[in-house]
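Chain by chain, the residues run as shown.
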Amino acid sequence: GQQLNQSPQSMFIQEGEDVSMNCTSSSIFNTWLWYKQDPGEGPVLLIALYKAGELTSNGRLTAQFGITRKDSFLNISASIPSDVGIYFCAGHNYQLIWGAGTKLIIKP
Amino acid sequence: GAGVSQTPSNKVTEKGKYVELRCDPISGHTALYWYRQSLGQGPEFLIYFQGTGAADDSGLPNDRFFAVRPEGSVSTLKIQRTERGDSAVYLCASSLTESAEAFFGQGTRLTVV
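Because the structure is a prediction, the values reported are computed rather than measured.

*Asks:* What should I look at first to understand the overall build of chain B in this one?
*Replies:* Counting secondary structure elements, chain B contains 0 helices and 11 strands. Ordering the α and β elements of chain B from the N terminus gives β-β-β-β-β-β-β-β-β-β-β. Taken against the 2.2 N^0.38 rule, which gives 13 Å for 113 residues, the C-alpha radius of gyration of chain B at 13 Å falls within 12% of a compact globule. Referenced to the eigenvectors of the C-alpha coordinate spread, the extents of chain B come out at roughly 35 × 25 × 25 Å. Within chain B, buried positions represent 45% of all 113 residues. Across chain B, every contact between residues at least 6 apart in sequence was considered, and the portion connecting residues at least 24 apart equals 54%. In chain B, which carries 11 positive and 12 negative side-chain charges, the distance between the mean positions of the two groups comes to 9 Å.

*Asks:* I keep staring at the pairing of strand β2 (residues 10-14) of chain A and nothing clicks. Help me out?
*Replies:* Consecutive side chains along a regular strand alternate between the two faces of the sheet. All names here are of chain A. Only one face of β2 is buried: it carries Met11 and Ile13, and the other face, with Ser10, Phe12 and Gln14, is open. Pairing analysis gives 5 bridges linking β2 to strand β11 (residues 102-107), with the strands arranged parallel. The partner of Met11 across the bridge, within β11, is Leu104.

*Asks:* Is there a simple way to think about the nonpolar core in this case?
*Replies:* One recurring pattern in soluble globular proteins: nonpolar side chains tend to sit buried together. Ranked by size, the top nonpolar core spans 22 residues in total, and within it A:Trp32, A:Trp34, A:Leu74 and A:Leu104 carry the most contacts. Contributions of two or more residues to this core are made by β2, β3 (19-25), β4 (31-37), β5 (44-49), β7 (61-65), β8 (71-76), β9 (85-92) and β11 of chain A. Among the nonpolar cores identified, the runner-up in size contains 20 residues, and B:Val19, B:Phe49, B:Leu77 and B:Leu110 belong to it.

*Asks:* I tried to follow the packing of aromatic side chains on my own but got confused; where do I start?
*Replies:* Pairs of aromatic rings are described using the distance from one ring centre to the other and the angle between the two planes. Taken as a whole and assessed by the stated rule, the structure comprises 11 aromatic pairs over all chains. With 4.9 Å between their ring centres and 40° between their planes, A:Tyr35 and A:Trp98 make a pair best called tilted. Of this pair, A:Tyr35 sits in strand β4 while A:Trp98 sits in strand β10 (residues 96-98), placing them 63 residues apart in sequence. Since its relative accessible area comes to 0%, A:Tyr35 is described here as buried. Geometrically, the ring pair formed by B:Tyr33 and B:Tyr48 is stacked, given 4.9 Å between the ring centres and 15° between the ring planes. Separated by 15 residues along the polypeptide, B:Tyr33 in strand β4 (residues 31-37) and B:Tyr48 in strand β5 (residues 44-50) bring together distant segments of the chain.

*Asks:* Would you take a moment to explain the sheet that holds strand β7 (residues 65-68) of chain B for this structure?
*Replies:* Paired through backbone hydrogen bonds, the strands of a sheet run either parallel or antiparallel to each other. Residue and element names in this part refer to chain B. The 4 strands are arranged β1-β3-β8-β7 in an open sheet whose pairing can be described as antiparallel. The open sheet has two free edges, formed respectively by β1 (5-7) and β7, since each of these has just one partner strand. Neighbour-to-neighbour, the strand axes of the sheet open up by a mean angle of 15°, direction not taken into account. Both strand β3 (residues 19-24) and strand β8 (residues 75-79) contribute to a ladder of 5 bridges, which runs antiparallel.

*Asks:* Honestly, the interface of chain A and chain B in this entry has me stumped. Any pointers?
*Replies:* By a frequent convention, interface size equals the accessible area lost on bringing the separate parts together. With 17 residues of chain A at the contact, the number on the chain B side is 19 residues. Across the chain A to chain B interface the summed buried area is about 1400 Å²; carbon plus sulfur atoms make up 52%. On the chain A side of the contact with chain B, A:Tyr94, A:Gln95 and A:Trp98 bury the most area, a combined 31% of that side's loss. At the junction of chain A with chain B, the criterion picks out 0 salt bridges. Linking chain A with chain B are 5 residue pairs in polar contact (both at pLDDT 80 or more), by the criterion used here.

*Asks:* Is there a simple way to explain the sheet that holds strand β6 (residues 55-58) of chain A in this structure?
*Replies:* Residues and elements named next belong to chain A. Spatially, the 5 strands line up as an open sheet ordered β1-β3-β8-β7-β6, and their pairing is antiparallel. The open sheet has two free edges, formed respectively by β1 (4-7) and β6, since each of these has just one partner strand. On average, each strand axis in the sheet is tilted by 15° relative to the strand beside it, whichever way the strands run. Sheet topology places β7 next to β8; 5 bridges connect them, and they run antiparallel.

*Asks:* Would you mind showing me how to read the pattern of salt bridges here?
*Replies:* A side chain with one charge can pair with a side chain of the opposite charge if their charged atoms come near. Residues and elements named next belong to chain B. Evaluation of the coordinates by the stated rule reveals 6 salt bridges over all chains. We note a salt bridge from Arg36 to Glu44, for which the minimum N-O separation is 3.7 Å. The exposure class assigned to Glu44 is partly exposed, which follows from its relative accessible area of 39%. Where salt bridges share partners, they join Arg64, Glu83 and Asp86 into one cluster.

So, how was this worked out
- Residues numbered from 1 in each chain as written.
- Chains lettered and ligands numbered in written order.
- Predicted model: local features only at pLDDT ≥ 70, side-chain atom pairs only at ≥ 80, totals over all residues.
- Heavy atoms only, no water.
- Helix = DSSP H or I, 4+ residues; strand = E, 2+ residues; numbered from the N terminus.
- Rg over C-alpha atoms; globule rule 2.2 N^0.38 Å.
- Buried < 20%, exposed > 50% of the residue type's maximum accessible area, 1.4 Å probe, protein only.
- Contact = heavy atoms within 4.5 Å.
- Lys, Arg positive; Asp, Glu negative; His and termini not counted.
- Charge placed at Lys NZ, Arg CZ, Asp CG, Glu CD.
- Pairing = 2+ DSSP bridges.
- Core = buried A, V, L, I, M, F, W, Y, C linked by side-chain atoms within 4.5 Å.
- Phe/Tyr/Trp six-rings, centres within 6.5 Å; stacked < 30°, edge-to-face > 60°.
- Axes fitted to C-alpha atoms, helices over the stretch in contact; angles between N-to-C directions.
- Buried area = accessible area lost by both parts, 1.4 Å probe.
- Salt bridge = Lys/Arg side-chain N within 4 Å of Asp/Glu carboxyl O.
- Polar contact = N/O pair within 3.5 Å; in protein donor to acceptor, adjacent residues only side chain to side chain.

Structure, rendered in structure tokens:
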């Protein structure tokens, strides 16, 4: 079936550093979504991208929908301790297809 | 309610038993989704309801899994003859329409022993 390749699997960074993660797919999606999941919680939507080439920001988060509609990246600037968690990309046509997640760990 | 509510939050059951997992979507949301998430993985699509009907059940792994949404609101995911491999977090999400953003519940952690 459809799959998204998300990288990196995990990141160990210092507080204050910028973070970048990305997803690629062999399939085209109408919408790309980025979610964050904390332990014991369901995923929470961070950013939704609807148009190829679209660049969208939400506070310290910036995400772009690739021109080919087969990829997306998420950047987090000036990371803070509450950014810790697992970040998922998801492609949406009529159902969500998910990446395996990027675990963000911040060293104090 | 304000968000998607799933009950129970945790369920431990013996192999071979039957379980039901409940999802209360956000009021007015016509689309409802069930996902299964194993440790260290992204959610895996199971089934999608538009109103009362299952618009896509292609993600259900086998005929032991079944889901209903009789009145177009609350949905129940039913698993018969549970197996240890069914252990996972079962997530429910709802959205206003098929193409709108989906909001997730906290999930039900199912453990089959």
